[in-house]
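Listed below are the residues making up each chain.
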Amino acid sequence: MSQHTKSAASTYELSHQAALEAESVHILREVAATFERPVLLFSGGKDSVVMLHLATKAFWPAPVPFPILHIDTGHNFDEVIAYRDAVVAKSGVRLLVGRVQDDIDAGRVTEETGPRAGRNRLQTATLLRTLREGRFDAVFGGARRDEEKARAKERVFSFRDEYGQWDPRRQRPELWNLYNGKHRPGEHIRVFPLSNWTELDIWTYIASEGIELPSLYYAHRRPVVQRDGMLLAHTRFLTLLDGEEPQEALVRFRTVGDATCTGCVESTAATPADVVEEVATARVTERGATRADDRISEAGMEDRKREGYF
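Residues numbered from 1 in each chain as written. Predicted model: local features only at pLDDT ≥ 70, side-chain atom pairs only at ≥ 80, totals over all residues. Heavy atoms only, no water.

Engineer: Would you take a moment to explain the overall build of the protein for this structure?
Structural biologist: If you tally the helices and strands in the protein, you get 11 helices and 10 strands. Residues counted as buried form 51% of the 310 residues belonging to the protein. When the accessible surface of the protein is totalled, it reaches about 15,000 Å², and 51% of it is carbon and sulfur. (Helix = DSSP H or I, 4+ residues; strand = E, 2+ residues; numbered from the N terminus. Buried < 20%, exposed > 50% of the residue type's maximum accessible area, 1.4 Å probe, protein only. Areas by Shrake-Rupley, 256 points an atom, 1.4 Å probe, with all protein chains shown as cover.)

And the structure:
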């Protein structure tokens, strides 16, 4: 080996973004190689979109070797459902849908009532039922450790018992990025390829890769309602409380969930580059700033994860 070649080899290193991509691609391939029936959770939100994009790159030129699964609460933003269907039509990936309404109709869960009612918590029963019916043994999720303190406790391979429950004390060490997917029939592993990404990393990647997102991630005008320190979109799913009056504002969404519990922020960011600049100065995570479902208690997310939530 020449001196020039030795010098080039010794100084070569991946950029931060390329290293994150390589790690995620490795995790996706590791799961595809070691599990029999993986599935990728797809909400149409930015993290699941990036995860599907990474899966497409990981297995190209072959198609993505597992289906995507949307847990549909019935309270989704119209823009997200339209985007989901467009992605499926364009990519050819197989879409599975677990519907909360089916569990309500069957009496397996009881729908909340009242002006603040939502279906977010009901997703858990639908998710676990759909996983059992599909006999899935590995489930890709787009959660990141920077989002919320309960998610910061997650391993990349998150063990779930036969009831789909998460116990932080039973998580396995992942020294040297070695992952343990061993499980018994009925148990499964939740896999988080984006664990080490931040919101800024996600948006930087979206900008550099030219990834298309639902339009509500960018600044647009819509009627909103001020509630509990957040701006909620005034949609057919939101019941107005006494004294609430919708007002039009220029907003965008930092995260996507049910229309009943996902807030938006006032913003003029109309492009990925604009959002990168905006996120770089943010001091509150997207879930902390805009998700009402995380405010049910100090340990709200951890309690739901113990029940089997994403």
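Engineer: Where do I start with the packing of aromatic side chains in this structure?
Structural biologist: Two numbers describe a pair of aromatic rings. These are the distance of the centres and the angle of the planes. As enumerated under the stated definition, the model contains 8 aromatic pairs in all. Seen in terms of ring centroids, Trp-203 and Tyr-217 are 5.9 Å apart; in terms of plane orientation they differ by 70°. Their pairing is edge-to-face. Of this pair, Trp-203 sits in helix α8 (residues 199-209) while Tyr-217 sits in the loop between α8 and β7 (220-227), and the two are 14 residues apart along the sequence. Pairing Trp-203 with Tyr-218 gives two aromatic rings, centres 5.8 Å apart and planes at 75°, and the pair type is edge-to-face. Taken together, the residues Trp-203 in helix α8 and Tyr-218 in the loop between α8 and β7 connect sequence positions 15 residues apart. Judged by relative accessible area, Trp-203 falls into the buried class, the value being 0%. Through a chain of ring-to-ring contacts, the aromatic side chains of Phe-35, Phe-157 and Tyr-179 assemble into a single cluster. (Phe/Tyr/Trp six-rings, centres within 6.5 Å; stacked < 30°, edge-to-face > 60°.)

Engineer: Got a minute to help me understand α8 in this structure?
Structural biologist: Along an α-helix, a turn takes 3.6 residues, which lines up residues three or four apart on a common side. Taken together, the buried positions of α8 are occupied by Glu-199, Asp-201, Ile-202, Trp-203, Tyr-205 and Ile-206. Phi turns positive one or two residues past the end of α8, at Gly-210, with a value near 65°.

Engineer: What is the right way to read the packing of helix α3 (residues 46-59) against α8 from this model?
Structural biologist: The description of two helices packed together rests on the angle between their axes and the distance between the axes. In the contact formed by α3 and α8, the axes pass within 11 Å of each other and the chain directions differ by 55°. Comparing the axis directions of α3 and α8 gives the class oblique. Handedness of the α3/α8 crossing: left-handed. In this structure, α3 contributes Lys-46, Asp-47, Val-50, His-53, Leu-54 and Lys-57 to the contact, and α8 contributes Glu-199, Ile-202, Trp-203, Tyr-205, Ile-206 and Glu-209. Here the contact of α3 with α8 is built from residues that sort into 6 nonpolar, 1 polar and 5 charged. (Axes fitted to C-alpha atoms, helices over the stretch in contact; angles between N-to-C directions. Parallel < 35°, antiparallel > 145°, perpendicular 65-115°, else oblique. Left-handed = near helix turned anticlockwise from the far one by under 90°. Contact = heavy atoms within 4.5 Å. Nonpolar A, V, L, I, M, F, W, Y, C, P; charged D, E, K, R; others polar.)

Engineer: What's the story with the sheet that holds strand β8 (residues 230-233) in this structure? I'm lost.
Structural biologist: Strands belonging to one sheet form pairs held by backbone hydrogen bonds; the direction of such a pair is parallel or antiparallel. With antiparallel pairing, 4 strands are arranged side by side around a closed barrel as β7-β8-β10-β9. The average angle at which neighbouring strand axes cross in this sheet is 70°, direction not considered. The pairing of strand β9 (residues 247-252) with strand β10 (residues 263-266) spans 2 bridges and is antiparallel. When the sheet's bridge partners are listed, Val-251 is paired in β10 with Glu-266. (Pairing = 2+ DSSP bridges.)

Engineer: Explain the nonpolar core here, please?
Structural biologist: Note that soluble globular proteins tend to have their nonpolar side chains buried in a common cluster. Counting residues in each nonpolar core, the largest one holds 57 residues, and the members touching the most others are Val-50 and Phe-157. The biggest single contributor to this core is α3, with 8 residues. In this structure, Val-50 is in contact with Leu-194, Trp-197, Ile-202, Tyr-205, Ile-206 and Ile-211, ignoring residues within four places of it in sequence. Membership of the second largest hydrophobic core comes to 8 residues, among which are Leu-41, Ile-71, Leu-127 and Leu-131. (Core = buried A, V, L, I, M, F, W, Y, C linked by side-chain atoms within 4.5 Å.)

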